[in-house]
Amino acid sequence: MALNIVLFEPEIPNNTGNIGRLALASGSKLHLVKPFGFELSSSRLKRAGLDYWQHLDVSIYASIDDFFNKNLNKHFVFFSSHGTKSHWDIPFEKDLFLIFGKESVGLPKSLIADYKTQLYQIPLYSAHIRSLNLANAVGIVVYEGLRQLR
């Protein structure tokens, strides 16, 4: 696995399905952290992930604490509109964990405070937009990482 895609408390099944498809296409592992805003059996999740979901390498965690306890000593980067560094500046390495927050509010404020030096953003060039769609943001970061790692 080249990269690890982590979704903290995803809310929209279509986004998670599309990100799962992206994870498989990019050779990445998907990590889903509960609670979810949908059931994993959701038809919208399956429709977005098509018939690829069965081939996906996915881990599910009961909580954010469970995720961190099971991934001690791993390298993490976090994504938020509050980040001050660009995703182009990430020191990508194999097995890096790319952590994204939920669609409605992003990452918990406590994580933003605790991981300031590992907090990145995708530059936005319009004052009329707050953020990108989660699936689009993950795609941008994953393929930039693969480009740098090739």
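Up top is the structure these notes are about.
The rules behind the values
- Residues numbered from 1 in each chain as written.
- Predicted model: local features only at pLDDT ≥ 70, side-chain atom pairs only at ≥ 80, totals over all residues.
- Heavy atoms only, no water.
- Helix = DSSP H or I, 4+ residues; strand = E, 2+ residues; numbered from the N terminus.
- Rg over C-alpha atoms; globule rule 2.2 N^0.38 Å.
- Buried < 20%, exposed > 50% of the residue type's maximum accessible area, 1.4 Å probe, protein only.
- Contact = heavy atoms within 4.5 Å.
- Lys, Arg positive; Asp, Glu negative; His and termini not counted.
- Charge placed at Lys NZ, Arg CZ, Asp CG, Glu CD.
- Axes fitted to C-alpha atoms, helices over the stretch in contact; angles between N-to-C directions.
- Parallel < 35°, antiparallel > 145°, perpendicular 65-115°, else oblique.
- Left-handed = near helix turned anticlockwise from the far one by under 90°.
- Nonpolar A, V, L, I, M, F, W, Y, C, P; charged D, E, K, R; others polar.
- Salt bridge = Lys/Arg side-chain N within 4 Å of Asp/Glu carboxyl O.
- Pairing = 2+ DSSP bridges.
- Expected span 1.5 Å × (residues − 1).
- Right-handed = clockwise from strand over helix to strand, strands pointing away.

**Digging into the overall build of the protein chain**
Next, step 1: Of the regular secondary structure elements, the protein chain holds five helices and seven strands.
Next, step 2: Taking 150 residues into account, the globule formula puts the C-alpha radius of gyration at 15 Å, and the protein chain, at 14 Å, falls close to it.
Next, step 3: By the burial criterion, 47% of the 150 residues in the protein chain qualify as buried.
Next, step 4: Taking the intrachain contacts of the protein chain between residues at least 6 apart in sequence as the baseline, contacts between residues at least 24 apart amount to 77%.
Next, step 5: In the protein chain, 16 side chains carry a positive charge and 13 a negative one; their mean positions are 4 Å apart.

**Observations regarding the packing of helix α1 (residues 13–26) against helix α5 (residues 134–149)**
Next, step 1: Two elements in contact, α1 and α5, have axes separated by 9 Å at closest approach and are oriented at 15 degrees. In terms of their interaxial angle, α1 and α5 are classed as roughly parallel. At the point where α1 passes α5, the crossing takes the right-handed sense. Here α1 contributes Asn15, Asn18, Ile19, Leu22, Ala25 and Ser26 to the contact with α5, which in turn contributes Leu134, Ala135, Val138, Gly139, Val142, Tyr143 and Leu146.
Next, step 2: Considering only residue class, the contact of α1 with α5 consists of nine nonpolar, four polar and no charged.

**Things to note about the pattern of salt bridges**
When charged atoms on two side chains of opposite charge get close, those side chains can pair.
Next, step 1: Counting across every chain of the model gives four salt bridges.
Next, step 2: With its nearest N and O atoms 3.2 Å apart, the salt bridge here joins Lys102 to Glu9. With Lys102 in the loop between β6 (96–100) and α4 (109–114) and Glu9 in the loop between β1 (3–8) and α1, this residue pair connects regions lying 93 residues apart in the sequence.
Next, step 3: Assessed through its relative accessible area of 24%, Lys102 is described here as partly exposed.
Next, step 4: Of the charged contacts in the structure, one is a salt bridge between Lys70 and Asp66, with a shortest N-O distance of 3.2 Å. One end of the pair is Lys70 and the other is Asp66, both in helix α3 (residues 64–70) and four residues apart, which spans about a single turn.
Next, step 5: Under the relative-accessibility criterion, Lys70 is labelled exposed at 55%.
Next, step 6: You can call Asp66 buried: its relative accessible area is 17%.

**A short note on the sheet that holds strand β7 (residues 119–121)**
Next, step 1: If you trace the seven strands from one edge of the open sheet to the other, you get β3-β2-β1-β6-β4-β7-β5, paired in parallel fashion. Pairing within the sheet leaves two strands with one partner each, and these edge strands are β3 (58–61) and β5 (85–86).
Next, step 2: Where strand β4 (residues 76–79) and β7 come together, two bridges link them in parallel fashion. Across the sheet, the residue bridging to Phe79 is Tyr120, located in β7.
Next, step 3: Its contacts with the sheet put α5 on β1, β4 and β6, and the angle it makes with β1 is roughly 160 degrees.

**Overview of the environment of Ser81**
Next, step 1: Mapping Ser81 onto the fold places it in the loop between β4 and β5.
Next, step 2: Between the C-alpha atoms of Ser81 and Tyr125, which are 44 residues apart in sequence, the distance is 12 Å.

**Describing α1**
Next, step 1: Helix length check: α1, at 14 residues, gives a terminal C-alpha distance of 20 Å against a target of 20 Å (1.5 Å per residue), a fit within 8%.
Next, step 2: Two residues or fewer after α1 comes Gly27, characterised by a positive phi angle close to 75 degrees.

**Observations concerning the pairing of β1**
Next, step 1: Along β1, six of the six residues are buried, which leaves the element largely enclosed by surrounding structure.
Next, step 2: Of the two faces of β1, the one carrying Leu3, Ile5 and Leu7 and the one carrying Asn4, Val6 and Phe8 are both buried.
Next, step 3: Regarding topology, α1 serves as the crossover connection from β1 to the parallel strand β2 (residues 29–33), and that connection is right-handed.

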